[in-house]
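# Per-entry structural report
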Amino acid sequence: MLDNSHSQLHYNTNRLSRQVNMRQNIVKLGLNIKARREILQLTQQELADLVGVSLNHIGKIEIAYSKPSLELVIKLADTLKTTVSELCNFNFIKFYFVI
């Protein structure tokens with residue numbers, strides 16, 4: 001009985017850890033999108049128009065309230081003159097805010 005409880009606790013702990021990591025990655029992705037947008041001196045509205053989504057959606061992505069689809073991340077990367085890899089490079093945030 002104890003082994004089963006321990007196993008379930010381990011599973012739940014790992015699951016929670018993955019959820020926290022995913023949330024942190026969504027936050028970092030939003031910050032990277034915002035950083036690139038600001039480097040290119042684009043407003044949220046301009047970026048939204050260029051990728052074909054609403055201003056509200058861009059705002060929600062930047063604050064990690066909404067998760068962008070892979071298709072949208074690709075459009076954002078192209079529009080922001082970068083790569084999906086760079087947008088998902090979570091060390092970029094540190095670099096951007098040091099400047």
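As a reminder, the structure under discussion sits directly above these lines.
Below, the structure is looked at part by part. The structure displayed is predicted, hence computed values, not measured ones.

## Some remarks on helix H2 (residues 44–51)
Where H2 is concerned, the buried positions are Leu 47, Ala 48 and Val 51. Buried positions in H2, seen along its axis, are confined to an arc of 100 degrees and lie on one side of it. Exposed residues lying more than 90 degrees from the buried face of H2 are Asp 49 and Leu 50. The positive-phi residue at the C-terminal boundary of H2 is Gly 52, with phi of around 80 degrees.

## Some thoughts on the packing of H2 against helix H4 (residues 70–79)
Describing two packed helices takes the angle between their axes plus the distance from one axis to the other. In contact at an axis separation of 10 Å, H2 and H4 are set at 115 degrees when each is read in the N-to-C sense. Along this stretch, H2 crosses H4, giving a crossing that reads as right-handed. Within the contact between the two elements, H2 uses Leu 47, Leu 50 and Val 51 and H4 uses Leu 72, Lys 75, Leu 76 and Thr 79. Residue composition of the contact of H2 with H4, grouped by class: five nonpolar, one polar and one charged.

## What to know about the nonpolar core
Of all hydrophobic cores here, the largest spans 14 residues; its most connected members are Ile 33, Leu 47, Val 51, Ile 58, Leu 76, Leu 80 and Leu 87. For this core, the elements supplying multiple residues, two or more each, are helix H1 (2–39), H2, helix H3 (55–62) and H4. By residue number, the principal contributor to this core is H4, which donates four residues. Ignoring sequence-local partners within four residues, the contact set of Leu 80 consists of Ile 33, Arg 36, Arg 37, Leu 40, Leu 42, Leu 47 and Leu 87.

## Here's the deal with the pattern of salt bridges
Scanning all chains against the criterion turns up two salt bridges. Residue Arg 37 pairs with Glu 62 through a salt bridge whose shortest N-O separation is 2.6 Å. A residue pair is termed long-range when its members are at least 10 positions apart, and Arg 37 in helix H1 and Glu 62 in helix H3 qualify at 25 residues. Overall, Glu 62 belongs to the buried group, its relative accessible area being 5%. Between Lys 75 and Glu 71 there is a salt bridge whose closest N-O contact spans 3.9 Å. A residue pair is termed a helical-turn pair when its members lie 3 or 4 positions apart in one helix, as Lys 75 and Glu 71 do in helix H4 at four residues. Here Lys 75 falls in the partly exposed class, since its relative accessible area comes to 38%. Using a relative accessible area of 55% as the deciding quantity, one classes Glu 71 as exposed.

## Points about the environment of Lys 28
If you trace the backbone, Lys 28 turns up in helix H1. Taking relative accessible area as the criterion, Lys 28 reaches 30% and is therefore assigned partly exposed. Placed 36 residues apart in sequence, Lys 28 and Ala 64 show a C-alpha to C-alpha distance of 8.2 Å.

Definitions and limits used
Residues numbered from 1 in each chain as written. Predicted model: local features only at pLDDT ≥ 70, side-chain atom pairs only at ≥ 80, totals over all residues. Heavy atoms only, no water. Buried < 20%, exposed > 50% of the residue type's maximum accessible area, 1.4 Å probe, protein only. Helix = DSSP H or I, 4+ residues; strand = E, 2+ residues; numbered from the N terminus. Arc of directions from axis to C-beta. Axes fitted to C-alpha atoms, helices over the stretch in contact; angles between N-to-C directions. Left-handed = near helix turned anticlockwise from the far one by under 90°. Contact = heavy atoms within 4.5 Å. Nonpolar A, V, L, I, M, F, W, Y, C, P; charged D, E, K, R; others polar. Core = buried A, V, L, I, M, F, W, Y, C linked by side-chain atoms within 4.5 Å. Salt bridge = Lys/Arg side-chain N within 4 Å of Asp/Glu carboxyl O.

Any functional reading would require information that these geometric values do not contain.
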